[in-house]
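# Examination of the molecular architecture
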Protein chains: 2
Amino acid sequence: MKTPAYILADWGTTSFRLWTVDRDGAVLAEARSPDGMASLSPADYPSALSAAAAAAGADSRTPVLICGMAGAAQGWREAPYLDAGGPLRDIPAAAVAAPMPGWDVRILPGVALRDAARPNVMRGEETLLLGAVLAHGASGAVCLPGTHSKWVQVADGRIASFRTAMTGEVFGLLVRQSTLKHFMGEAQTDSAAEPAFAAAVVESLAAPEALLNALFSLRAGPLLFPGARPAAVQARLSGLLIGAELAANRPTGPVTLVASGGLQSTYAAAFQIAGIAHTTLDSDACARSGLLHAARLIWPDGRSA
Amino acid sequence: MKTPAYILADWGTTSFRLWTVDRDGAVLAEARSPDGMASLSPADYPSALSAAAAAAGADSRTPVLICGMAGAAQGWREAPYLDAGGPLRDIPAAAVAAPMPGWDVRILPGVALRDAARPNVMRGEETLLLGAVLAHGASGAVCLPGTHSKWVQVADGRIASFRTAMTGEVFGLLVRQSTLKHFMGEAQTDSAAEPAFAAAVVESLAAPEALLNALFSLRAGPLLFPGARPAAVQARLSGLLIGAELAANRPTGPVTLVASGGLQSTYAAAFQIAGIAHTTLDSDACARSGLLHAARLIWPDGRSA
């Protein structure tokens, strides 16, 4: 097995992923852990990291670069937000060293809009953008959907502005915690789900201001028309929320969609319904290439021994 | 103590209230119970009801009229929805008898819009409307704010149409279950709360389609400007949601606001900010007068012995 040059990690709120890569950026191994920021105190991070690194065939001789919530104030070691507007390529220089004796671990900062009238923050997405922009050539409008969907305007290798929609979090709350939960449920396949999603996207694009009303139809509909299938109700919820997100954030030009898996296909379908021209980049690939790009700027030679 | 002529009950999802009244409608006693629909099986209702009736000085000789979730399919005994459009005064005739040997107990039905394109239901609010319209002379647009806020158009003593906004439920989910919860908290008094509410109502009225974006500012703001006070953040959330509700549902003419307590003052403040002319009716008084009006139609003489 080749010697890893870098350990790269995307450390989120509820889990983290780690890759070992060689000097050319080829992935040698991958490890996943359920130890996200929400379940760790600062003292817990070193053992979680060394275990994952060992599982991926690396040890303390390999430098580690981390993006995401490990750098939040309530994470491992705070990596304070950089102001938006500066060059994306300057982000790696602001990485903060994490306390782990014998290891060289750095955490990338997030990016903030410090504007009292439209405050905004991202943490982790700046690294995906680094990959999307510097490794894959994205520019203009970039959409990174998720728990907190980001809509970023990139110009000249900088984040000119960005907005955040709480789409994914609101979806999760309504599916799992609300009075609507009894009417929903994902099925492996259901022929009613796709048209229900499409109709809901159209409905919300036409009347995004009525979202709070439209949500109640997810309760009233199944009560009055008991044939409603749970997968279709859930797809309708997804369509209503994503339609409202698109209505509020759609740019005038084409969009680069940075997403993976089900989220990628769901948003791509919504973009098509909304007539939003887009190209797609895989978010996992962008995370790795952003981390790799940053790691090479910090440690040009990778593992030294 | 006077002999009660009727027992009137508003039976909700998480609690119920019961009043004994004399032939003139004067309240003799009131009882409250935490035994709402959500915590009862059908067999549990008789003992919950007889205990509350006893606490209010009544027994099986007094007829009982109930509105609300006790009549839902998952309640005590289903009182199927009436279609909207008929005279409100015809609702009492559709009351359903509940199984409680030795007692005369009836449950009022809810009202539905059986329209696949805009399905809607109410259960409990139809009785408040009965009181507001038949006892207090309300007509035109009526707003009943709450977990599921109702906006009803009343004409000629009938429900011409209605809409429902999930405002209160979404508020509760975001305050208690979301990633925003760490930034919120109600204080007894906080001078920052009222202006934060007002600014948020204005913001949402101007851009109701951007609600999912605005919600994230409740996270980004406190992260970037740590002086934000929890009561002000929570007031801002309330203002954003109510502003969006008003933007989607505001009628052209004046509105009758049917609410009590904090909800009444909060919505009245939002109406004033939005320039919505309104008169206010107390929702508890409307519930009692609606139940009383219905009870007199069902049992003109009240308790017979």
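Residues numbered from 1 in each chain as written. Chains lettered and ligands numbered in written order. Predicted model: local features only at pLDDT ≥ 70, side-chain atom pairs only at ≥ 80, totals over all residues.

### Side note on the overall build of chain A
Operational definition: Numbering goes from the N terminus for both helices and strands, where a helix is a DSSP run of H or I of at least four residues and a strand is a run of E of at least two. All radius of gyration figures rest on C-alpha atoms, and the globule criterion is 2.2 Å times the number of residues raised to 0.38. Exposure classes come from backbone-placed C-beta atoms, where a residue is buried if 20 or more other C-beta atoms lie within 10 Å of its own, exposed if 12 or fewer do, and partly exposed in between.
A tally of helices and strands in chain A yields 8 helices and 14 strands. Taken against the 2.2 N^0.38 rule, which gives 19 Å for 305 residues, the C-alpha radius of gyration of chain A at 21 Å falls within 12% of a compact globule. Overall, the C-alpha framework of chain A stretches about 70 × 40 × 35 Å when taken along its three principal axes. Buried residues in chain A amount to 51% of all 305 residues.

### Considerations on the relation of the copies chain A and chain B
Test applied: To line up the copies, we fit them by least squares on C-alpha atoms, keeping just the residues with pLDDT of at least 70 in both. We call two residues in contact if the C-beta atoms placed from their backbones are at most 7 Å apart.
Of the transformation superimposing chain A on chain B, the axial component is 0.0 Å and the angular component is 180°, with the fit at an RMSD of 0.0 Å. Those values place the two copies in the arrangement expected of a two-fold rotation axis. The C-alpha atom lying nearest the rotation axis in chain A is that of glutamate 209 of chain A; the distance is 2.1 Å. The residues that chain A uses at the interface reappear at the interface of chain B in 100% of cases, marking a shared surface.

### Thoughts on the packing of helix H3 (residues 167-176) of chain A against helix H6 (residues 230-249) of chain A
Residue and element names in this part refer to chain A. For the record, the criterion: Lines fitted to C-alpha atoms define the axes, with helix axes restricted to the stretch in contact, and inter-axis angles between N-to-C directions lie between 0 and 180 degrees. Should an angle fall under 35 degrees it is called roughly parallel, over 145 degrees roughly antiparallel, and 65 to 115 degrees roughly perpendicular, with every other angle called oblique. Whether a crossing is left-handed or right-handed is set by the direction in which the near helix is turned from the far one by less than a right angle, anticlockwise for left-handed and clockwise for right-handed.
With their axes 10 Å apart at the nearest point, H3 and H6 run at an angle of 155° to one another. On the basis of the axis angle, H3 is roughly antiparallel to H6. The way H3 lies across H6 gives a crossing that is right-handed. Contacts between H3 and H6 pair Thr167, Val170, Phe171, Leu174 and Val175 from the former with Gln234, Leu237, Ser238, Leu241, Ile242 and Glu245 from the latter.

### As for the interface of chain A and chain B
Where we set the bar: Only Asp, Glu, Lys and Arg are considered charged, only Ala, Val, Leu, Ile, Met, Phe, Trp, Tyr, Cys and Pro nonpolar, and every remaining residue, Gly among them, polar.
With 36 residues of chain A at the interface, the matching set in chain B holds 36 residues. Secondary structure elements with two or more residues in the side of chain A that touches chain B: strand E9 (120-122), strand E12 (158-165), H3, helix H5 (211-224) and H6 of chain A. A per-element tally of the side of chain A that touches chain B places H5 of chain A first, with 10 residues. Residues belonging to the side of chain A that touches chain B are distributed by class as follows: 21 nonpolar, 10 polar and 5 charged.

### Quick notes on the confidence of the model for chain A
Detailed reading of the predicted model is not advised wherever pLDDT is low. Defined as follows: pLDDT gives the predictor's per-residue confidence on a scale running from 0 to 100.
Looking at chain A as a whole, the pLDDT averages 95, with 98% of positions reaching at least 70. Taken together, the chains of this predicted complex give a pTM of 0.95 and an interface ipTM of 0.95.

### Details of helix H1 (residues 45-55) of chain A
Residues and elements named next belong to chain A. Heads up, the rule is: This arc corresponds to the set of directions leading from the helix axis out to the C-beta atoms.
Buried residues of H1: Tyr45, Ala48, Leu49, Ala52 and Ala53, and no others. Down the axis of H1, the buried side of the element spans an arc of 125°, and every buried residue falls inside it. Exposed positions of H1 whose direction lies more than 90 degrees from the buried face are Ser47 and Ala54. At its buried positions, H1 is contacted by strand E1 (6-11), strand E2 (16-21), strand E3 (27-33) and strand E4 (64-68). Where H1 ends, the next residue or the one after it, glycine 57, has phi of about 80°, a positive value.

### Some points on the nonpolar core
Soluble, globular proteins show a tendency: their nonpolar side chains are buried together. Rules: In plain words, the nonpolar core is the set of buried Ala, Val, Leu, Ile, Met, Phe, Trp, Tyr and Cys residues that C-beta atoms within 7 Å link up.
In terms of nonpolar packing, the biggest core is built from 212 residues, with Leu8 and Val142 of chain A together with Leu8 and Val142 of chain B touching the most fellow members. Apart from residues no more than four positions distant in its own chain, valine 142 of chain B is found in contact with Leu129, Ala132, Val152, Val154, Val255, Thr256 and Val258 of chain B.

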